[in-house]
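Topology and contacts: notes
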Amino acid sequence: MSRNVRDEINNKLSIVDIVDKYVTLKRAGTRYTGLCPFHNEKTPSFSVTPENNLFYCFGCHKGGTIFDFIMEIENMDFPEALKFLAEKAGVELDNNYSSDSPDRKKRDAIKELYKRAAVSFEYILQNKPEAEVARDYLVKRGLTEEIVKEFRIGWAPDDRSWLLKFLKTKGYSDPFLAESGLFSQRGLGYPLFSGRIMFPLRNANGEVIAFSGRTLKDFGPKYINSPETPIFYKKRNLYGLSNAVKAVRQSGYFILCEGQMDVIAYHQAGVKNAVAPLGTAYTQEQAAILKRYSDKAVLSFDGDSAGRKAINKAVILNENHGIKSKVAVFEDKDDPADLLLNKGEKALHKVLKSTINSFDYILENAINVSNIRSPDGKEDVIRKMEDYLNSLGSEVRRDGCINEIAARLGVDTASVYKDLRRGRRKPENNQPADNRRVKKSKISSELFLLIAVVVSREEYAWVRGKIDIDDLCDERARKIYIALEECYRNEETGIDSVLNRLADEELTSLIAEKVTSEEYSINSDELIKDSVKKIKKNSLLKKREEIVRKLKNVSSITEGDVNEIELLSEKIFIDQEIEKLRLGI
Ligand SMILES: [Zn+2]
């Protein structure tokens, strides 16, 4: 593992810029504060210190470096976070990170291609006379200029030879273009998108990785979506996610829509936390991705029967991933885009205000399609509710739901349980346990000192001359001492390098907390000198005690033993050291 890369990245990036993508930060003295992205809160207890490039939350006690932040918030492992941040810092990773493996090179080249295509489509929509028809259509659909720009909507020209000609001037080879996902299997003479309004799909980094193209003609498929390519795996991406991430974190929930026009409608109405799958039904992978950002969802699907079925599935999928859903109910043929166009923003906000919880929604639907006066109908309802009930992560919630079902059907709760047990499959246990919660523990004077040294690193050279690892008994202090010593020998200076060597989540959070609370910043050299003295004295007193104890044992056997003489001289030496400490020499 190359050490320099990590340092280099850490030195080039400011934690304020990194965190700002996810959290709205306000300056507060030397720190910045905001609402914690890792737990629900109304008053900010999340804090970042640019001076040390650390974050810490006083509410949930999560804290650490930019790497820890990205690993936590993007649900990445360390190599992924390193890559992610290296790109942002413009730092090249060496071969160990396979940054220039053929796969990686190819993906980068395809991304570059999509970026170029997206910019050109956008330019054509904004500027070319031939795109007038598209501009008119977007106006007719009620889209503002700002939202068209925000979602980088474009226009693929009618001329079917345009795209190939354009890309050839950029020097792309035929075999590469054939694999790019921009052309039909039939060959480069057949672009997938021509005469279509282009909606680029972007990944979490905001890079264009696919398109959805809408035709304005009356024939052919209304929408065409990019096929899967080395950079686009449709199950794992959501339309609008990069635009929505911040708002999802702020509002504490996401809105799942059916298609991109709905997403755009919400955003235009100022509701910026809407996303949608593209070219696929809502998937496990997408639910897992959304869970990184929030555990609450509002499902916003069409009011027709297909929409209702999709809601049922999405509710269960979400429950399996620990996401609780509410349902935004639309009239029969309405969807968010129509509602915004025909009745305005207020109507859309109204729907969002009157969401109903997923259990009530699913139960009502099950009852509506069954004749619950008949025994068969009652059984039918139970069967229809089964998947939902099995998906619930909480037994208490499940009990509550079963009681309500029994009451609605006018049957005994015990019978509902019996029926369910008969048909029961094992529910998926996807409730992630949050075992990262840090115990608030008392800090020993040793730990206090070592944290102070982490904060004021220039003091370490002096401290290591005074205190040896054997002077420390606090296990956590010993760990930090070792990390500091390793950094010292490798001439690594940042806090990040110590935390990296520690590789201990609890200590990382603790150090981040102490750094953020600034209790170590005032008079730090005094603090350190006093602590060193205290620890050294404690350590010497302990050694003295030990010697005195040994001396007692020795004297009981033989007098004038060599051992005894050694012990006595050591005791004298220790007494002198203690006296020196007392006098401050
Ligand atoms: Zn927190």
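Residue numbering note: each chain is counted from 1, following its sequence as written. Totals for whole chains, interfaces and linings use all residues, but because this is a predicted model, local features are given only for residues with pLDDT of at least 70 and pairs of side-chain atoms are given and counted only at 80 or more. As a rule here, side-chain values cover all heavy atoms of the structure and leave hydrogens and water aside.

1. Here we look at the domain arrangement of the protein chain
- A domain assignment, automatic or from a database, supplies the domain bounds used here. Each domain of the protein chain was delimited in the assignment, giving domain 1 (3-97), domain 2 (102-232), domain 3 (236-360), domain 4 (370-423) and domain 5 (445-583).
- Averaged C-alpha coordinates put domain 3 and domain 5 at centres separated by 56 Å.

2. Quick notes on the nonpolar core
- Among the buried residues, those of types Ala, Val, Leu, Ile, Met, Phe, Trp, Tyr and Cys that are joined through side-chain atoms within 4.5 Å form a nonpolar core. Relative accessibility thresholds used throughout: buried, under 20% of the residue-type maximum; exposed, over 50%; partly exposed, between the two (1.4 Å probe, protein chains only). Ranked by size, the top nonpolar core spans 74 residues in total, and within it Ile9, Phe46, Phe69, Leu256 and Met385 carry the most contacts.
- Only runs of H or I of at least four residues qualify as helices and only runs of E of at least two qualify as strands under DSSP, and these elements are numbered from the N terminus. Of the residues forming this core, the biggest block, seven residues, is contributed by helix α4 (residues 78-89).
- Residues count as neighbours in contact if any of their non-hydrogen atoms are within 4.5 Å of one another. Every residue in contact with Met385, bar those within four places of it in the chain, is listed here: Phe359, Ile362, Leu363, Ala366 and Ile405.
- Of all hydrophobic cores here, the second largest spans 63 residues; its members include Ile153, Leu167, Val208 and Ile224.

3. Here's the deal with the confidence of the model for the protein chain
- A score between 0 and 100, pLDDT records how confident the predictor is in each residue. Confidence in the prediction of the protein chain, expressed as mean pLDDT, is 85, and 92% of residues score 70 or more.
- Summarising per-element confidence for the protein chain, the mean pLDDT is lowest in helix α1 (residues 3-12) (81) and highest in strand β6 (residues 154-156) (97).
- With pLDDT under 50 throughout, residues 425-440 is counted as low confidence; its partners more than four residues away or in other chains account for 22 contacts.

4. Comments concerning the pattern of salt bridges
- Salt bridge, as used here: a side-chain nitrogen of Lys or Arg that lies within 4 Å of a carboxyl oxygen of Asp or Glu. Within this structure, the stated rule accounts for 24 salt bridges.
- Between Arg476 and Glu506 there is a salt bridge, and its shortest N-O distance comes to 3.6 Å. A residue pair is termed long-range when its members are at least 10 positions apart, and Arg476 in helix α22 (residues 475-489) and Glu506 in helix α24 (residues 505-517) qualify at 30 residues.
- Its relative accessible area of 22% is what places Arg476 among the partly exposed residues.
- Here Glu506 falls in the partly exposed class, since its relative accessible area comes to 32%.
- Close ionic contact of Arg501 with Glu486 constitutes a salt bridge, the shortest N to O distance being 3.6 Å. With a gap of 15 residues between them, Arg501 in helix α23 (residues 495-502) and Glu486 in helix α22 connect regions that are remote in the sequence.
- For Glu486, a relative accessible area of 33% translates into the label partly exposed.
- Overlapping salt bridges bring together Arg464, Glu485 and Arg489 as one network.

5. Considering the pairing of strand β7 (residues 196-202)
- The element β7 is largely enclosed, with a buried count of seven among its seven residues.
- Of the two faces of β7, both are covered, the one formed by Arg196, Met198, Pro200 and Arg202 as well as the one formed by Ile197, Phe199 and Leu201.
- When β6 meets β7, the two strands line up antiparallel, connected through three bridges. The partner of Trp155 across the bridge, within β7, is Ile197.
- In this scheme, strands are said to pair when DSSP sees at least two bridges between them. As paired strands, β7 and strand β8 (residues 208-215) are joined by seven bridges and run antiparallel to one another. From the neighbouring strand, Met198 faces β8, where its bridge partner is Gly213.
- In this antiparallel pair of consecutive strands, β7 and β8, the connection spans five residues, and Gly206 shows a positive phi of 85 degrees.

6. Some details on the environment of Arg398
- Note that Arg398 resides in helix α18 (residues 395-409).
- Considered as a pair, Arg398 and Cys473 are 75 residues apart in the sequence and their alpha carbons are 49 Å apart.

7. Here we look at the packing of aromatic side chains
- Stacked, edge-to-face and tilted labels apply to pairs of Phe, Tyr and Trp rings (six-membered ring for Trp) whose centres lie within 6.5 Å, assigned for plane angles under 30 degrees, over 60, and everything in between, in that order. This model, assessed by the stated rule, comprises 18 aromatic pairs.
- A ring pair is formed by Phe121 and Phe211, whose centres lie 5.4 Å apart and whose planes are at 80 degrees; its orientation type is edge-to-face. Remark: Phe211 occurs in strand β8 and Phe121 occurs in helix α5 (residues 102-127); sequence separation between them is 90 residues. One exposure class covers both Phe121 and Phe211, and it is buried.
- Every member of this aromatic cluster is reached through a ring pair, and the members are Tyr114, Phe121, Trp162, Phe166, Phe193 and Phe211.
- Directly above the ring of Tyr190 sits Arg186, whose terminal nitrogen or CZ lies 4.1 Å from the centroid.
- Just above the ring of Trp462 sits the side chain of Lys529; from NZ or CZ to the centre is 5.0 Å. The rule is short: NZ of Lys or CZ of Arg within 6 Å of the ring centre and within 35 degrees of the ring normal puts a charge over the ring.

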